[in-house]
Amino acid sequence: MNEREKILDKYSAKVFKNRKDHVVQFDNAGMPKEIAANSRSIPGLMSNRGCCYAGCKGVVLGPLRDVVVLTHGPIGCGFYSWGTRRNKAKSEDGKSYIQYCFSTDMQEADIVFGGEKKLRQAIEEAMELFNPSCIMICSTCPVGLIGDDINAVATWAEEKFNIKCVAYSCEGYKGVSQSAGHHIANNGLMKSIIGTGDAPLTKKYSVNILGEYNIGGDGWETERLLEKIGYEVVSIFTGDGSYEAIKNAHTANLNLVQCHRSINYIAEMMKTKYGIDWFKVNFIGIDETIRSLREIAAYFNDPTLIANTEKVIAEELEEVAEAREYYKEKLHGKTAAVFVGGSRSHHYQMLLADFGMKTIIAGYEFAHRDDYEGLEVRPNVKVDADSRNIEELTITPDDKYYHLSIDKERFDALKLTTELEYYKGMFKDMGDGTIAIDDFNHYETEKLLELFHPNIFYSGIKDKYMIQKSGTPSRQMHSYDYSGPYAGFKGAIKFASDTYMSLFTPAWQYITPPWRMQPTLEGKVGGA
Ligand code: CFM
Ligand code: HCA
């Protein structure tokens, strides 16, 4: 039995049938072609996923600092998604509501008699206290079930207060994970906000950073690097982002996509509507940061910009050179497990590689197939004469910069050939013997620890402590355990230092996992 089979072995036939396609093992035979992803979790398995509301309100809209993001629902949803997300924001313009948690705090009576009245009251109260230019209403499960018309309330608020008010029907039960919520948030931003501003650009080359939520200050570090080179950062979606800035997002020359999973919809829609090119970047990892900065400069193809980029890279590298060597020596050869939401698992593999660490097991909670198998094609896509479907992929022959992000199956079916083609999903970076798991659960985490003994397990709050109780250090890659930034050159050093601290703390000497002290009962019922 290989490790994959050992993980699946204890499942009942029904569960095995479902889970087998979510677990793949890499061997010499080459890369597995597919993995089951973005499908419903099995009830009863302790999944690490969040809900649609978490994706829409918690992740995409929550970080907007000058927007009153109002949760229409019981207090728990609003409070949890406010208190656990690390929405770092500056309030230089005096309009930051990030420190407040807004909720209608629905009670049983509101569920029985309807909650629209309470929603109107909450908006009136928010206007009186804060006078924001924009309010966003996010629905939780009960709102969808009782049928409150949040769109009608949003229209009422717009007319009464002359503000922008957008309603999002992102009830938690929609879809299979937070991924559905990303899509709903993206649609709302695109429909109601992007394109409504007309602030002029101030620099020759301008970008938006999409899918950067400023966890631990990552967005600030990325922005610092881009501005140092000379770019104008028009808006960031949505870390320390603002309604005022994203209104003008359509004026930027290029969209840089850091988290592809949560915001690819906006990138695509802006390409269609405004003709703005986009491509994936990755500011996690030193080599990846350098690659991304060079690709951006190459896109604009201006010798001054290219020279500035090289100058900034050299300066930043020099600043971190000594620390980089130090941590490389300490961390080299250590093995890691990386299991995060929908994009970071792959990004962090590259950062680990910078310090000579090896990812032996990895996975996502709610990624789609292309995040695993993804193939990015650019530039100069040539389309086979027999192949049709070109419109479907929105490539026009005049496009300066082709961008496709599709899975291998579709790529093969379309018979596309490219001058430059490469995989951008996680699979291409997984080595022989490693395992990738989609929508990993508690039981599988225990099995992975037992079978692989990674030196460190990067994951989230739901599993951190059970992992640590097994004697394996665990770091939360969603919140960075309140550290960061981890982006860019300096961030990479911060990450290495945190990893070093976790691995080498003497605390591990004092831990004896419970099962090392107690006999483990294993037997067969009825002696069968
Ligand atoms: Fe994108 Fe994110 Fe992630 Fe995500 Fe998330 Fe997150 Fe994440 Mo938690 S948007 S997919 S829905 S990078 S909240 S900031 S850390 S699971 S890997
Ligand atoms: C979410 C948010 C989350 C949860 C983090 C975790 C985040 O999914 O609703 O499970 O540790 O990054 O805060 O992904």
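Along every chain, residues carry numbers that run from 1 in the direction the sequence is written. Written order determines the labels here, with chains lettered from A and ligands numbered from 1. Local features in this predicted model are restricted to residues whose pLDDT is 70 or higher, and side-chain atom pairs enter the listing and the counts only when it is 80 or higher, whereas totals over whole chains, interfaces and linings include all residues. Where side-chain values are given, they derive from all heavy atoms of the structure, hydrogens and water being excluded.

J.: Would you mind going over the overall build of the protein chain with me for this structure?
T.: For the purposes of this entry, the term helix denotes a DSSP run of H or I that reaches at least four residues, the term strand denotes a run of E that reaches at least two, and both are numbered from the N terminus. Scanning the protein chain from terminus to terminus reveals 21 helices and 19 strands. Out of the 528 residues in the protein chain, the part that is buried amounts to 55%. Relative to all contacts within the protein chain whose residues are 6 or more apart in sequence, the contacts with residues 24 or more apart total 74%. Whether a residue is buried, partly exposed or exposed follows from its accessible area with a 1.4 Å probe, protein chains only, as a fraction of its type maximum: under 20%, in between, or over 50%, in that order. By definition in these notes, contact holds between two residues if any of their heavy atoms fall within 4.5 Å.

J.: Where do I start with the nonpolar core in this structure?
T.: For soluble globular proteins, the rule of thumb is that nonpolar side chains tend to be buried together. Counting 49 residues, the largest nonpolar core has L226, Y231, I296, F300, Y348 and Y458 as the members making the most contacts within it. For this core, the element with the most residues is helix α13 (residues 286-300), which contributes seven residues. Counting 34 residues, the second largest nonpolar core, distinct from the first, contains C52, V59, A185 and M190. Side-chain atoms within 4.5 Å link the members of a nonpolar core, which is a set of buried Ala, Val, Leu, Ile, Met, Phe, Trp, Tyr and Cys residues.

J.: Please clarify how helix α10 (residues 218-229) should be interpreted in this entry.
T.: Given 3.6 residues per turn, any residue in an α-helix points the same way as the ones three and four places further on. In a helix, the anticipated span is given by 1.5 Å times the number of residues less one. Along its twelve residues, α10 runs 17 Å from first to last C-alpha, staying within 8% of the 16 Å computed at 1.5 Å per residue. Of the positions making up α10, those classed as buried are D218, G219, E221, T222, L225, L226 and I229. Along the axis of α10, the buried positions cluster into a sector of 165°, meaning they face one direction only. Phi turns positive one or two residues past the end of α10, at G230, with a value near 125°. As used here, the arc belongs to the directions running from the helix axis to the C-beta atoms.

J.: I would appreciate a short explanation of the packing of helix α6 (residues 116-130) against helix α8 (residues 150-161) in the present structure.
T.: The angle between the axes and the distance between the axes are what describe a pair of packed helices. Inter-axis angles, ranging from 0 to 180 degrees, are taken between N-to-C directions of lines fitted to C-alpha atoms, where helices are fitted over the stretch in contact. For the pair α6 and α8, interaxial distance at closest approach is 10 Å and the crossing angle is 30°. Seen from above, α6 lies across α8 with right-handed handedness. Packed against α6, whose contacting residues are E116, L119, R120, I123, E124 and M127, the element α8 presents I150, V153, W156, A157, K160 and F161 at the interface. Looking at the contact of α6 with α8 residue by residue, the classes come out as eight nonpolar, no polar and four charged. Each crossing gets its handedness from the near helix: less than a right angle anticlockwise from the far helix is left-handed, clockwise is right-handed. Gly is put with the polar residues, along with every residue not named as nonpolar or charged; the nonpolar set is Ala, Val, Leu, Ile, Met, Phe, Trp, Tyr, Cys and Pro, and the charged set is Asp, Glu, Lys and Arg.

J.: Explanation requested: the sheet that holds strand β6 (residues 206-212) in the structure shown.
T.: Whenever strands of a sheet pair, they do so through backbone hydrogen bonds, lying parallel or antiparallel. A pair of strands counts as paired when DSSP detects no fewer than two bridges linking them. Read from one edge of the open sheet, four strands run β7-β6-β8-β9, paired in parallel fashion. Lying at the two open borders of the sheet, with one neighbouring strand each, are β7 (232-238) and β9 (277-280). If you compare each strand with its neighbour and ignore which way they point, the axes differ by 20° on average. With four bridges joining them, strand β8 (residues 254-257) and β9 adopt parallel strand pairing. Directly across from N255, in β9, lies its bridge partner W278. Lying on the sheet, α10 is in contact with β6, β7 and β8; it crosses β6 at an angle near 160°.

J.: Please explain unusual backbone geometry as it appears in this structure.
T.: A negative phi angle is the norm for most residues apart from glycine, just as the trans form is the norm for most peptide bonds. A cis amide bond, omega -5°, links F237 with the succeeding residue T238. Checked against the element boundaries, T238 lands in strand β7. Phi angles above zero are rare outside glycine, and N38 is one such case at about 55°. With respect to the helices and strands, N38 occurs in the loop between β1 (23-25) and α3 (52-61).

J.: Please explain the pairing of strand β5 (residues 164-168) as it appears in this structure.
T.: Remark: a regular strand shows side chains that alternate across the two faces of the sheet. Burial runs high along β5: four of the five residues are buried. Relative to β5, strand β4 (residues 134-139) runs parallel, the two sharing five bridges. Directly across from C138, in β5, lies its bridge partner Y168.

J.: Please explain the packing of aromatic side chains as it appears in this structure.
T.: The way to describe two aromatic rings as a pair is by their centre distance and the angle between their planes. Pairing of aromatic rings covers Phe, Tyr and Trp, the last counted by its six-membered ring, and requires centre-to-centre distances within 6.5 Å; plane angles under 30 degrees mean stacked, over 60 mean edge-to-face, and any other angle means tilted. Per the stated rule, a full pass over the model turns up 26 aromatic pairs. Ring plane angle 50° and centroid distance 5.0 Å describe the contact between Y500 and F504, whose orientation is recorded as tilted. Of this pair, Y500 and F504 both sit in helix α20 (residues 488-504), four residues apart, roughly one helical turn. Looking at F504, the relative accessible area reads 41%, which means it is partly exposed. A connected cluster of aromatic rings, assembled from ring pairs, spans Y205, Y231, F279, Y299 and F300. Any Lys NZ or Arg CZ found within 6 Å of a ring centre and within 35 degrees of that ring's normal is scored as a charge over the ring. The positively charged end of K90 is found above the aromatic ring belonging to W220, 4.5 Å away from the centroid. The ring of W156 carries R120 above its face, with NZ or CZ at 5.5 Å from the centroid.

J.: How do you make sense of the packing of α10 against helix α14 (residues 303-331) when you look at a structure like this?
T.: Between α10 and α14, the least distance of the axes is 8 Å, while the angle of their chain directions is 130°. It follows that α10 is oblique to α14 by the angle criterion. In contact with R224, L225, K228 and I229 of α10, α14 contributes L305, N308, T309, V312, E315 and E316. Among the residues making up the contact of α10 with α14, the classes are represented as four nonpolar, two polar and four charged. Working definition: roughly parallel below 35 degrees, roughly antiparallel above 145 degrees, roughly perpendicular at 65 to 115 degrees, and oblique for all remaining angles.

None of the figures reported here should be taken as evidence of function without further support.
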